[in-house]
Amino acid sequence: FSERADFFCMDSNTFPFDKDQQYWLKEAYAFSCQNSDNIKVLVQHHPYLAFGKRLLKYEDDINLYGKSFGFDEASIKAIVDRHASSHAHSGLGGLIESMHLNMGIDFNLMLCAHDHVLKFDHRTGFTPARRRSRFLTQIISGGGGGNLINRNDMVKILPGNTPDKWLRSYDPSEALYMHGYNYFNFNHAKPYTSFYSEYGKLLNYPGLNQPYLDLDI
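Figured I'd write up the structure that's included with this text. In this text the structure is predicted, and so the values were computed from the model without any measurement. (Residues numbered from 1 in each chain as written. Predicted model: local features only at pLDDT ≥ 70, side-chain atom pairs only at ≥ 80, totals over all residues. Heavy atoms only, no water.)

### Some points on the overall build of the protein
Alright, step 1. Summing up its helical and strand segments, the protein has five helices and nine strands in all.
Alright, step 2. Relative to its 217 residues, the protein shows a buried fraction of 50%.
Alright, step 3. Here the contacts in the protein between residues at least 6 apart in sequence split such that 70% fall between residues at least 24 apart.
Alright, step 4. When the accessible surface of the protein is totalled, it reaches about 10600 Å², and 51% of it is carbon and sulfur. (Helix = DSSP H or I, 4+ residues; strand = E, 2+ residues; numbered from the N terminus. Buried < 20%, exposed > 50% of the residue type's maximum accessible area, 1.4 Å probe, protein only. Contact = heavy atoms within 4.5 Å. Areas by Shrake-Rupley, 256 points an atom, 1.4 Å probe, with all protein chains shown as cover.)

Have a look at this one:
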């Protein structure tokens, strides 16, 4: 870990339904902002914006986890509707992003998994209806060992076949469809990340054609 970064490790399965976790995050984030200008890093399982088959199955995870924690369909719908005006893409990750923004929480960097691929995104927000105050970099590092997303399947899904116009900007060629992992250096003059294969080979990231990706944070 780095003295230049504050890490917030959250349970994204339960966050929309867990008042205690929401309260803790709001207090911890406020404390971090008041006491340092450190990089704010969110660590959770679900990305804000998924990549892969889940792009077309928006509500599955919300209903799955909501019901497992005792919420009925009406209660789950009420939570989603409460934040619907501020998130354009649905799904559990999109809902959590909206909840964070509604709480005044705006991370610099997000480390997540869920989708079985290695993916780098850097933009001013995954929710076009609610622009961020600063850039967010999202890293999906889901190439740990499960079955990988099939690139040919992604070519079929993207960019023209998603029901959400925002997702059509996703380029299926800009991902690493392989097992591997991420490396981060926060102590460098400019924080950066890089991807490695499962055998430890440093990889050029497709689309950017370079191994060291500036986090701009």
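### Re the packing of aromatic side chains
Alright, step 1. This model, assessed by the stated rule, comprises 11 aromatic pairs.
Alright, step 2. With a centroid separation of 5.5 Å and an interplanar angle of 10°, the aromatic rings of Tyr181 and Tyr196 are classed as stacked. With Tyr181 in strand 6 (residues 180-185) and Tyr196 in strand 7 (residues 192-197), this residue pair connects regions lying 15 residues apart in the sequence.
Alright, step 3. Taking the relative accessible area as the measure of exposure, Tyr196 reaches 19% and is therefore buried.
Alright, step 4. Pairwise contacts between aromatic rings join Phe7, Phe184 and Phe186 into one cluster. (Phe/Tyr/Trp six-rings, centres within 6.5 Å; stacked < 30°, edge-to-face > 60°.)

### Some points on the nonpolar core
Alright, step 1. Residues Phe51 and Phe107 are the most contacted members of the largest nonpolar core, which totals 30 residues.
Alright, step 2. Mapped onto this core, the elements with two or more residues apiece are helix 1 (19-35), helix 2 (60-68), helix 3 (73-83), helix 4 (92-102), strand 3 (109-112) and strand 5 (136-141).
Alright, step 3. Examining the composition of this core, we find that four residues originate from one element, helix 4, more than from any other.
Alright, step 4. Formed by 15 residues, the second largest nonpolar core is a distinct cluster that contains Phe120, Leu176, Phe195 and Leu213. (Core = buried A, V, L, I, M, F, W, Y, C linked by side-chain atoms within 4.5 Å.)

### So, the pattern of salt bridges
Alright, step 1. In total, this model carries five salt bridges according to the counting rule given.
Alright, step 2. Close ionic contact of Asp121 with Lys119 constitutes a salt bridge, the shortest N to O distance being 3.3 Å. With respect to class, Asp121 is no different from Lys119; both count as buried.
Alright, step 3. Measuring nitrogen to oxygen at the nearest pair gives 2.8 Å for the salt bridge that ties Lys190 to Asp214. With Lys190 in the loop between strand 6 and strand 7 and Asp214 in strand 9 (residues 213-214), the pair connects residues that are 24 residues apart, well separated along the chain. (Salt bridge = Lys/Arg side-chain N within 4 Å of Asp/Glu carboxyl O.)

### Some remarks on the environment of Ser68
Alright, step 1. By the element assignment, Ser68 lies in helix 2.
Alright, step 2. When the C-alpha positions of Ser68 and Asn13 are compared, they lie 9.9 Å apart, and in sequence the two are 55 residues distant.
Alright, step 3. Here Tyr65 takes part through its backbone oxygen, which lies 2.7 Å from a polar atom of the side chain of Ser68. (Polar contact = N/O pair within 3.5 Å; in protein donor to acceptor, adjacent residues only side chain to side chain.)

### Concerning unusual backbone geometry
Alright, step 1. In this model, His114 sits at a positive phi of 75°, which is unusual for a non-glycine residue.
Alright, step 2. Overall, His114 belongs to the buried group, its relative accessible area being 8%.

### Points about the pairing of strand 2 (residues 39-43)
Alright, step 1. Across the five residues that make up strand 2, a large majority, four, are buried.
Alright, step 2. Pairing geometry for strand 1 (residues 5-9) and strand 2, over five bridges, is parallel. Across the sheet, the residue bridging to Asp6 is Lys40, located in strand 2.
Alright, step 3. Once the chain exits strand 1 it traverses helix 1 before rejoining the sheet at strand 2, and the crossover so formed is right-handed.
Alright, step 4. Here strand 2 pairs with strand 3 via three bridges, running parallel. (Pairing = 2+ DSSP bridges. Right-handed = clockwise from strand over helix to strand, strands pointing away.)

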